[in-house]
Amino acid sequence: MKHLFPHSVSFVLCLMTAGACTDSFDDRMAAEAKAFTKQHCPKRLDNVTTLDSATYDVANRTYSRWFSLSAEAASAARGHEVSVRQGLVSELLSDVTLSDCKAEKIAFRYIYRRADTGEVVMDLTITAADYGQ
């Protein structure tokens, strides 16, 4: 199920550095997620996974990434939420570029949809409690 993991969450680093100093952290995150999506999405991550967009929900302090999976990958993903979640938590724990986000206790949400139908296959949220903040 390795293909379900984003290859790197370090693109958030560019999100953290582009904002104006007078904006709040949350306002910067929202604006930068929108800019990232405009500049870099959709982005093919591998043969079965595409990063469609990134969003930031200010009210819930949640940074979301929306992915499309091939029909085969979507079928294979069903029932593997626990292992995918563990992989995502492990990735978050080891990614030092996310230290500002983790210090702010931002939640990270990963939504995987079937590319051909748009059906949500998996919707996982990783909170500060999950990554040790």
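What you see is a predicted model; the values in this text were computed from it and never measured. (Residues numbered from 1 in each chain as written. Predicted model: local features only at pLDDT ≥ 70, side-chain atom pairs only at ≥ 80, totals over all residues. Heavy atoms only, no water.)

## What about the overall build of the chain?
Along the backbone of the chain there are six helices and five strands. Burial statistics for the chain: of 133 residues in total, 43% are counted as buried. Considering only residue pairs separated by 6 or more positions, the chain has 57% of its internal contacts joining residues 24 or more positions apart. By element, 52% of the accessible surface of the chain is carried by carbon and sulfur atoms, the whole surface being about 6,800 Å². (Helix = DSSP H or I, 4+ residues; strand = E, 2+ residues; numbered from the N terminus. Buried < 20%, exposed > 50% of the residue type's maximum accessible area, 1.4 Å probe, protein only. Contact = heavy atoms within 4.5 Å. Areas by Shrake-Rupley, 256 points an atom, 1.4 Å probe, with all protein chains shown as cover.)

## Notes on unusual backbone geometry
The omega torsion of the bond from Cys41 to Pro42 falls at 0 degrees, within 30 degrees of zero and hence cis. If you trace the backbone, Pro42 turns up in the loop between helix H2 (25-40) and strand S1 (43-44). A positive phi angle, near 50 degrees, is found at Arg61, a position not held by glycine. As for its placement among the helices and strands, Arg61 is situated in the loop between strand S2 (49-57) and strand S3 (62-69). Positive phi, close to 60 degrees, is recorded for Lys105, a residue that is not glycine. Mapped onto the elements of the fold, Lys105 is located in the loop between helix H5 (99-103) and strand S4 (107-114).

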